[in-house]
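One letter stands for each residue in the lines below.
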Amino acid sequence: MSAILASLFGKETLIGLDIGSAYLKAVQVEAHRESFRVTRAAQQKMPVGAMRDGVILDRDAVAGAIRQMLKSASISATGAVLSVSGPTVVVRQITLPKMTEAALRKSARYEASKYITANIDDSAIAFDIIGPVEDDPNLMNVMLVAAPRDMVESRIDVVERTGLEAVAVDIEAFALQRSLVDCNRMRYNDGALRAFVDMGASHTEVTLVIGSQFGLTRSINIAGDTFTDAIKNQLRLDVAEAERRKTEVDLNVLLNPGSATDPQAGEAPRAIQSILDELLREVRRSINFYQSQQPEGADPKPLAEIILSGGNAQLGGLAPYMMARLGTEVRLADVFDSTAFEAAPEAEAWLREQAPRLGIAAGLAVKEHLATPVVLNTKL
Ligand SMILES: Nc1ncnc2c1ncn2[C@@H]1O[C@H](COP(=O)(O)OP(=O)(O)OP(=O)(O)O)[C@@H](O)[C@H]1O
Ligand SMILES: [Mg+2]
């Protein structure tokens, strides 16, 4: 059914669409009383060089890739929920004098300008009033999000070129929290501090969550592309071969140097070790920063575990390596290991295998049902 016909009959069907710099990911769900049934999921390689710093440069090529992905997975939809992330996206919890939503809307650009280094006119911004500050009735907690206007606009435009309506633009960290935590509350009702680390191709996003409450999110410029580059440069390979070698990496050889039977097995792990250690130091720094921000007198909350997602979380031996380096539990995210999601039996194996990469798209797909009100558009 065409998008226009479907919307005429009020049958809006959405997909969660995660536009990454390396891969497009899409998830579609059907809401049932107790759970979401995953009816479709797909991924598709992004055209090379089509995105830079989260801004889509080659809009035709990306629109073509989205169309191709939807077609090959037989996904039909009228709209998509999108997201943004990365070092240029600002996500801050701030306190402001108590005011109405309307008053906040008026002063939004002024308030946001205090937290955004980019030109405020080049930014899309959104606010959400979280609630009153506990000890001061004159103040309120507000979530501020902002992203470069061209990042938001280029994504909306590309999606609209495919004939889908861009229904909302969310923040990746919120989408991930929605699918992993909000859809699995029982597991996260202990108030513990956890770090969700999404390792994509262009950046790694660290999101700290206390129980089921959002803490902070931060981007680090070390991720899959950095590892591929290190392998490419140190072993003098082309990109395709370096990518292939990366998928064969087993980081356990770094922990037990004597364990490798094949002398070549240590080459690629050694090539990425220093940059990986640098990334882990940055992850640790984000956690330390958050712990140091806790109210005076309170003991810093210990980190209970790290949950890995994104394509590079599939780096062989990454969880044990991080566990050894950071001294904390580390596991791979499995968004479908929750009673909130059920899959058709024939799709289950594929979904579970790809689960670390589908968390964001799944969180976008369920957004209309578990709405968090912060939505970025370019009009504010
Ligand atoms: N088995 C594997 N081992 C290591 N890395 C892998 C493996 N499979 C895929 N990758 C890497 O995963 C990355 C793609 O992951 P993902 O789809 O999460 O990225 P993305 O969302 O497109 O990137 P970003 O969010 O940073 O823009 C690529 O860098 C790719 O090399
Ligand atoms: Mg990504």
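Residues numbered from 1 in each chain as written. Chains lettered and ligands numbered in written order. Predicted model: local features only at pLDDT ≥ 70, side-chain atom pairs only at ≥ 80, totals over all residues. Heavy atoms only, no water.

(A) The arrangement of the overall build of the protein chain in detail. The secondary structure content of the protein chain amounts to eleven helices and 16 strands. A globule of 380 residues ought to have a C-alpha radius of gyration of about 21 Å, and the protein chain, at 21 Å, matches this closely. Once the C-alpha set of the protein chain is aligned to its principal axes, its extents read approximately 65 × 60 × 45 Å. Expressed as a percentage of the 380 residues in the protein chain, the buried residues total 52%. A separation of at least 24 residues holds for 65% of the contacts in the protein chain among residues at least 6 apart in sequence. (Helix = DSSP H or I, 4+ residues; strand = E, 2+ residues; numbered from the N terminus. Rg over C-alpha atoms; globule rule 2.2 N^0.38 Å. Buried < 20%, exposed > 50% of the residue type's maximum accessible area, 1.4 Å probe, protein only. Contact = heavy atoms within 4.5 Å.)

(B) Structural view of the pairing of strand E8 (residues 123–133). The element E8 is largely enclosed, with a buried count of eight among its eleven residues. As paired strands, E8 and strand E9 (residues 136–148) are joined by ten bridges and run antiparallel to one another. Bridge pairing links Ala126 to Val145 in E9. A loop of two residues connects E8 with E9, the two strands running antiparallel in sequence. (Pairing = 2+ DSSP bridges.)

(C) Structural view of helix H5 (residues 172–180). Within H5, nine of the nine residues are buried, leaving the element largely enclosed by the surrounding structure. Residues of H5 that are buried include every one of Glu172, Ala173, Phe174, Ala175, Leu176, Gln177, Arg178, Ser179 and Leu180, and no others.

(D) Geometry of the site of ligand 1. Around ligand 1 there are 19 residues in total, and Ser21, Lys25, Ser202, Glu243 and Lys246 lie nearest to it. Backbone polar atom of His203 to an oxygen atom of ligand 1: 3.3 Å apart, as the coordinates give it. Note that an oxygen atom of ligand 1 is positioned 3.0 Å from one of the side-chain N or O atoms of Asn312. If you list the elements that add at least two residues to the shell around ligand 1, you get strand E2 (23–31) and helix H7 (239–247). With three residues, the top contributor of residues to the shell around ligand 1 is H7. Of the residues in the shell around ligand 1, the class split is four nonpolar, eleven polar and four charged. (Near = heavy atom within 4 Å. Polar contact = N/O pair within 3.5 Å; in protein donor to acceptor, adjacent residues only side chain to side chain. Nonpolar A, V, L, I, M, F, W, Y, C, P; charged D, E, K, R; others polar.)

(E) Examining the nonpolar core more closely. By size, the foremost hydrophobic cluster in this structure holds 41 residues, and its most contacted members are Ile15, Leu17, Ile19, Ile66 and Val159. Among the elements that take part in this core, helix H2 (residues 59–72) stands out by supplying six residues, more than any other. Apart from the residues within four sequence positions on either side, Ile15 is in contact with Ala26, Val27, Gln28, Leu70, Ile75, Ala77, Gly79, Ala80, Val81 and Leu164. In terms of nonpolar packing, the next biggest core, distinct from the first, is built from 37 residues, Leu193, Ile210, Leu303 and Leu308 among them. (Core = buried A, V, L, I, M, F, W, Y, C linked by side-chain atoms within 4.5 Å.)

(F) Seen up close, the environment of Ser212. Residue placement: Ser212 occurs in the loop between strand E12 (204–210) and strand E13 (213–220). Judged by its relative accessible area of 18%, Ser212 falls in the buried class. Spatially, the C-alpha atom of Ser212 lies 35 Å from that of Val62, the residues being 150 residues apart in sequence. Non-local contacts of Ser212, meaning those with residues more than four positions away in its chain, are made with Gln177, Val181, Asp182, Arg185 and Tyr188.

(G) A look at the side chain of Ser85. With respect to the helices and strands, the residue Ser85 is situated in the loop between strand E6 (79–84) and strand E7 (90–97). Owing to a relative accessible area of 8%, Ser85 belongs among the buried residues under this scheme. Here Glu172 takes part through its side chain, which lies 3.0 Å from a polar atom of the side chain of Ser85. At 2.9 Å, the side chain of Ser85 forms a polar contact with the side chain of His203. When neighbours within four sequence positions are excluded, Ser85 is seen to be in contact with Met151, Glu172, His203 and Glu205.

(H) Examining the packing of H5 against helix H11 (residues 345–365) more closely. Where H5 meets H11, the axes come as close as 7 Å, and the angle between the chain directions of the two elements is 85 degrees. In terms of orientation, H5 and H11 fall into the roughly perpendicular class. For the pair H5 and H11, the contacting residues are Glu172, Ala175, Leu176, Arg178 and Ser179 in the first and Gly359, Ile360, Ala362, Gly363 and Leu364 in the second. (Axes fitted to C-alpha atoms, helices over the stretch in contact; angles between N-to-C directions. Parallel < 35°, antiparallel > 145°, perpendicular 65-115°, else oblique.)

(I) Local environment of the side chain of Gln177. Its location among the elements puts Gln177 in helix H5. For Gln177, a relative accessible area of 10% puts it in the buried group. The contacts of Gln177, once residues within four sequence positions are left out, are Asp182, Val209, Ser212, Gln213 and Phe214.

(J) Just the sheet that holds strand E1 (residues 14–19), in detail. Ordered by their spatial adjacency, six strands build an open sheet running E10-E6-E1-E2-E3-E16, and the pairing between neighbours is mixed. Each end of this open sheet is capped by a strand with a single partner; those strands are strand E10 (165–171) and strand E16 (341–343). For this sheet the average axis-to-axis angle between neighbouring strands, irrespective of direction, equals 35 degrees. By the bridge criterion, three bridges tie E1 to E6 in an arrangement that is parallel. Within E6, the position partnered with Gly16 by the bridge is Val81. Across the face of the sheet, H2 comes into contact with E1, E2 and strand E3 (36–45) while running at roughly 135 degrees to E3. This element, H5, spans E1, E6, E10 and E16 of the sheet and lies at about 90 degrees to E10.

Read these as layout, nothing more, since geometry by itself doesn't imply function.
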